[in-house]
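Here are the chains, one letter per residue:
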Amino acid sequence: MQKRGLLLGTGLTVTLGLGSALSYGISKGLVQMALHRDLSPLGKRLRLSGKRTAMDEKKEEILSHYAKKLSGAGCEAVAITGRDGVRLVGHWYPCDAPKRVIVAMHGWRSAWDRDFGKIAEFWHKEGCSILFAEQRGQNNSGGEYMTFGYLERFDCLAWLRWAERTVTGELPLYAAGISMGASTVLMAAGLPLPRRVRGIIADCGFTSAEAIWRHVVQNNLRLSYDWHRPMIRRLCKKTLHADMGTVTTQGALRQATVPVLFIHGSEDTFVPIEMTYENYKACASPKELLVVPDAGHGQSYYREPKKYEAALKRFWCLYD
């Protein structure tokens, strides 16, 4: 009996040890996939955005077409230094007789020409000079890690200050973002923005790093987030020497003083539309909301371009 109890105890210890090792391995892979500039082997294998549709395939073709057009449009490459010394790269696309300036922040593991290639034509035609920022930890900007808005919000603020210095006079400034870029500009709303900032445009932004990873891990990867959460938090803090969980879009929006236009597709399986509803509810400043039926993640402009453009024109008319 004693021997049997010893064997059971040993077996339980081994099982728990294997479980901890497995949890650590999965958590480490998830953190690398989320934060590191270079995708881990796990990240290259996993599909994060849910079931792929025919609309997704068509969107990729459109994205590639307009990305080539924008990257070949003669934008001027510019650079600034972030508050932590990271070199940040942007692409300046001025227009003749500008009416306003937009600082545009792209999404997670994406690119400036990919995310804004199509809408850039409309912005430019409507008198917008645009600074397309390259987010830290991606493409040509420095930094080894992405931080889901935690540090990027300060990069957004630095680019707005750059735009204010570069474009003299009283032209209004706007910060616009899509996906993680949307969360970036929303988190920046809680900072002391330059005087000329008149509004924020946020397309399919999430509420916090933890909220979006809980959704992706549970719904798209079919794993238990709560099981891995303690290890994920420890690894994130160790990697970044900071706690991303201290900053949320709702917390920033409760401090917001500039108007916000929220946009989201109703069929988004990557960032659920409920997150935009939460952001809208938390926003203390004047706010507008555009929901595009049947649009997936980042597809609102492709699904309903006229409705999207009308919402932007109305927003500018109100707050320029």
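Structure shown above.
All figures in this text were calculated on a predicted structure; none of them were measured in a lab. (Residues numbered from 1 in each chain as written. Predicted model: local features only at pLDDT ≥ 70, side-chain atom pairs only at ≥ 80, totals over all residues. Heavy atoms only, no water.)

S.K.: Looking at this model, I keep getting lost on the overall build of the chain. Mind explaining?
M.R.: Of the regular secondary structure elements, the chain holds 13 helices and eight strands. Per-residue burial over the chain gives 54% buried out of 320 residues. (Helix = DSSP H or I, 4+ residues; strand = E, 2+ residues; numbered from the N terminus. Buried < 20%, exposed > 50% of the residue type's maximum accessible area, 1.4 Å probe, protein only.)

S.K.: Explain empty space enclosed by the protein to me, please; I cannot follow it from the model alone.
M.R.: The probe, sized like a water molecule, is rolled over the atoms to show the empty space still left. Enumeration over the complete set of coordinates arrives at four cavities of 30 Å³ or more. A volume near 230 Å³ is recorded for the largest cavity. Around the largest cavity, the lining is made up of 17 residues, and of these E210, Y225, I232, C236 and M244 lie nearest the centre. Put simply, the parts of the chain that give the lining of the largest cavity at least two residues each are helix 1 (2–35), helix 8 (209–220) and helix 9 (225–240). Per element, the largest residue contribution to the lining of the largest cavity is five residues, and it comes from helix 9. Here the lining of the largest cavity is composed, by residue class, of 12 nonpolar, one polar and four charged. (1 Å grid on protein atoms, 1.4 Å probe; cavity = no way out; pocket = protein on both sides within 12 Å on 5 of 7 lines; lining within 4 Å. Points joined across faces, edges and corners; volume = space filled by probe spheres on them. Nonpolar A, V, L, I, M, F, W, Y, C, P; charged D, E, K, R; others polar.)

S.K.: Quick question: what am I supposed to make of the nonpolar core here?
M.R.: Generally speaking, a soluble globular protein has its nonpolar side chains buried in company with each other. With 38 residues, the main nonpolar core has L131, W159, L160, W162, I200 and L253 as its most contacted residues. When residues of this core are assigned to their parent elements, the largest contribution, eight residues, is made by helix 6 (residues 152–166). Those residues within four positions of I200 in sequence are excluded, and the remaining contacts are A175, V185, L186, A189, V258, P259, V260, L261 and F315. Counting 30 residues, the second-largest nonpolar core is a separate cluster that includes F122, I201, Y301 and Y308. (Core = buried A, V, L, I, M, F, W, Y, C linked by side-chain atoms within 4.5 Å. Contact = heavy atoms within 4.5 Å.)

S.K.: Explain the pairing of strand 7 (residues 260–265) here, please?
M.R.: In the case of a regular strand, side chains alternate between the two sheet surfaces. Most of strand 7 is tucked away: six of the six residues are buried. Burial of the side chains of strand 7 extends over both faces: V260, F262 and H264 are buried on one face and L261, I263 and G265 on the other. Both strand 6 (residues 197–203) and strand 7 contribute to a ladder of four bridges, which runs parallel. Of the residues in strand 7, the one forming a bridge with A202 is F262. As paired strands, strand 7 and strand 8 (residues 287–292) are joined by six bridges and run parallel to one another. Note that in strand 8 the partner of L261 across the bridge is E288. (Pairing = 2+ DSSP bridges.)

S.K.: I tried to follow the pattern of salt bridges on my own but got confused; where do I start?
M.R.: Side-chain pairing between opposite charges can occur once the charged atoms of the two side chains come close. Evaluated as defined, the whole model comprises 13 salt bridges. A salt bridge links E170 to R195; the nearest nitrogen and oxygen atoms lie 3.1 Å apart. One end of the pair, E170, is in the loop between helix 6 and strand 5 (173–178); the other, R195, is in the loop between helix 7 (180–188) and strand 6, and 25 residues separate them in sequence. Close ionic contact of D243 with K237 constitutes a salt bridge, the shortest N to O distance being 3.9 Å. When its relative accessible area of 22% is taken as the criterion, D243 is described as partly exposed. Among the residues examined, K237 registers a relative accessible area of 38% and is labelled partly exposed. When salt bridges with common partners are traced through the structure, they connect E210, R229, R233, K237 and D243 into a single cluster. (Salt bridge = Lys/Arg side-chain N within 4 Å of Asp/Glu carboxyl O.)

S.K.: It is not clear to me how the sheet that holds strand 4 (residues 128–133) should be interpreted in this structure. Could you clarify?
M.R.: Strands belonging to one sheet form pairs held by backbone hydrogen bonds; the direction of such a pair is parallel or antiparallel. Spatially, eight strands are ordered 1-2-4-3-5-6-7-8 in an open sheet, and the strand pairing comes out mixed. Looking along the sheet, the strands with just one partner apiece sit at the ends: strand 1 (76–81) and strand 8. Within the sheet, the average angular offset between the axes of one strand and its neighbour, ignoring direction, is 20 degrees. (Axes fitted to C-alpha atoms, helices over the stretch in contact; angles between N-to-C directions.)

S.K.: Which parts of the structure should I look at to understand unusual backbone geometry?
M.R.: Most peptide bonds take the trans form, and the phi angle of most residues other than glycine is negative. Here A97, not a glycine, exhibits a phi torsion of approximately 50 degrees, which is positive. Inspection of the secondary structure assignment puts A97 in the loop between strand 2 (87–93) and strand 3 (100–105). We note that S179 has phi near 60 degrees; this positive angle belongs to a residue other than glycine. Topologically, S179 is positioned in the loop between strand 5 and helix 7.

S.K.: Explanation requested: the side chain of D113 in the structure shown.
M.R.: Structurally, D113 can be placed in helix 4 (residues 112–116). For the buried residue D113, which engages in no salt bridge, the nearest side chain bearing the opposite charge is R114, 7.6 Å off. (Lys, Arg positive; Asp, Glu negative; His and termini not counted.)

S.K.: Is there a simple way to think about the layout of surface pockets in this case?
M.R.: By volume, the second largest pocket amounts to about 170 Å³. Of the residues assigned to the lining of the second largest pocket, the class counts are six nonpolar, four polar and three charged.

S.K.: Any chance you could explain helix 11 (residues 273–282) here in plain terms?
M.R.: Working note: α-helix, 3.6 residues per turn, so residues spaced by three or four point in the same direction. Among the residues making up helix 11, those that are buried are I273, M275, T276, N279 and A282. Taken together, the buried residues of helix 11 touch helix 7, helix 8, helix 10 (249–253), strand 7 and strand 8.

S.K.: Help me understand the packing of helix 6 against helix 7 in this model?
M.R.: Packed helices, taken two at a time, are described by the angle their axes make and the gap between the axes. Their axes nearest at 8 Å, the elements helix 6 and helix 7 cross at an angle of 75 degrees. Between helix 6 and helix 7, the angle is such that the two are roughly perpendicular. Between helix 6 and helix 7, the residues in contact are E152, R153 and C156 and M180, T184, V185, M187 and A188, respectively. Class assignment for the residues of the contact of helix 6 with helix 7 results in five nonpolar, one polar and two charged. (Parallel < 35°, antiparallel > 145°, perpendicular 65-115°, else oblique.)

Distances and angles like these do not, on their own, reveal function.
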